[in-house]
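Given next are the chains, with one letter for each unit.
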Amino acid sequence: MKLLVVGAGGREHAIAKKLLESKQVERVFVAPGNDGMTLDSIELVNIGISEHSALINFAKENDIAWTFVGPDDALAAGIVDDFEQAGLKAFGPSRLAAELEWSKDFAKQIMVKYGIPTAAFGTFSNFEEAKAYIEEQGAPIVVKADGLALGKGVVVAETVEQAVEAAREMLLDNKFGDSGARVVIEEFLAGEEFSLFALVNGDQFYILPTAQDHKRAFDGDQGPNTGGMGAYAPVPHLPQSVVDTAVDTIVKPILEGMIAEGRSYLGVLYAGLILTDQGPKVIEFNARFGDPETQIILPRLTSDFAQNIDDILHKRPTQLTWLDSGVTLGVVVASNGYPLDYEKGVELPAKTEGDITTYYAGARFADNSRALLSNGGRVYMLVTTADTVQEAQEKIYSELKNQDTTGLFYRTDIGSKAVK
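Because the structure is predicted, anything quoted here is derived from the model rather than measured. (Residues numbered from 1 in each chain as written. Predicted model: local features only at pLDDT ≥ 70, side-chain atom pairs only at ≥ 80, totals over all residues. Heavy atoms only, no water.)

In this section: the sheet that holds strand 8 (residues 154–157). Here we have 4 strands laid out as an open sheet, ordered 6-9-7-8, and antiparallel in their pairing. Only two strands of the sheet have a single neighbouring strand rather than two, namely strand 6 (121–124) and strand 8. Sheet twist, expressed as the mean angle between neighbouring strand axes with direction ignored, is 20°. The sheet contact formed by strand 7 (residues 141–145) and strand 9 (residues 183–187) spans 5 bridges and is antiparallel. Counted as the bridge partner of A145 is V183 from strand 9. In the packing of helix 7 (residues 127–137) onto the sheet, the strands contacted are strand 6, strand 7 and strand 9, and the crossing angle to strand 6 comes to about 160°. On the sheet, helix 8 (residues 160–171) packs against strand 6, strand 7, strand 8 and strand 9 and is oriented at approximately 10° with respect to strand 7. (Pairing = 2+ DSSP bridges. Helix = DSSP H or I, 4+ residues; strand = E, 2+ residues; numbered from the N terminus. Axes fitted to C-alpha atoms, helices over the stretch in contact; angles between N-to-C directions. Contact = heavy atoms within 4.5 Å.)

Written as structure tokens, this is what we have:
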């Protein structure tokens, strides 16, 4: 098989690298990808994710068996619908199914309709109404842009003033454009957050190992929200009973609800969950693999990923097998200033070899040389597997200390919640 992955970041690097491990896969193309991927024999295609017609033509001309769609904005733009109308298979939800991610209000409404546990909320497009609701509810409280905002449209406000300012920035100052034209304001839920993924086709689904992401920019969960600064899997202190409850009360009902709504789901479903005193509740749904969770979950897969996806696409039963011990941990290295303004063009350390894997997110070759330079907010991620979280941390952070990370930064406490 020849396969195409749509996207450019570390998530797509991990997906393509895993697909390429299959003996059935001859070549893997990524559009548009980034130059760091080529160090793993992944082939880049200079077509942007919004160029659906060009991507479809490439898939037809190159006899692509199927396409794996990575980013949320491509799914929200209906790329899977366009591929299917052209007679091509793509792994990802339709635009209507992906509304679980691209409209937080839609996700909340469908959760209420089908009795799925989540935070109490209100949705507002008028600032004065939002302000009144915040003042009535008090703090802490959570303010979210309704639409896609690159993982940055969520403010966990510790005071009423912070929440009102967040609502003002979204509704009046147009901070996130159309994505913030409506806001969802939620009660603050206390508990431990974790990520639960499923590979889905309608009522057929397969649960992946639990993972824990670290969204804040700095150590101790300080600083602004980012797309994710590191993660580990599985979450060793999370009982299987919690996962079973989440499957029964969240995953099954949402997939059944989507079928009932005429929006049958295909692709990766991400449930961002929090373990409260009342059990697991939904913080958000995403309609695709998370980044950086993909980079630490897929290395744990021991079955043929390409075969697994091919089976699910064709509604055949499949068997996913996983490492049954140890933990996989990864740390993101980002450009100074991320997630706000940052510079590009910092020379990057050499790609790691051996039992530490480098996944590239924002990297390009320097003009006239093979030196890799930073070309984004999140630049690369180091991932390893070890017997314990502590051992994995020691391996990654020892490697990072030996690298020249001038102009870059990373958190030094990824996985520490599991160590306490």
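Having seen it, we continue.
A side chain of one charge can pair with a side chain of the opposite charge when the charged atoms of the two come close. Taken as a whole and assessed by the stated rule, the structure comprises 26 salt bridges. K315 is the partner of D203 in a salt bridge, and the nearest nitrogen-oxygen pair spans 3.4 Å. Here the residue D203 occupies a position in the loop between strand 10 (192–201) and strand 11 (204–207), and K315 occupies one in the loop between helix 11 (305–313) and strand 18 (327–335), the gap between them amounting to 112 residues. Exposure remark for D203: the relative accessible area of 58% places this residue in the exposed category. As a salt-bridge pair, K215 and D213 come within 3.2 Å of each other at their nearest N and O atoms. According to the relative accessible area criterion, K215 is partly exposed, its value standing at 28%. On the basis of relative accessible area, D213 is assigned to the buried category, the value being 12%. (Salt bridge = Lys/Arg side-chain N within 4 Å of Asp/Glu carboxyl O. Buried < 20%, exposed > 50% of the residue type's maximum accessible area, 1.4 Å probe, protein only.)

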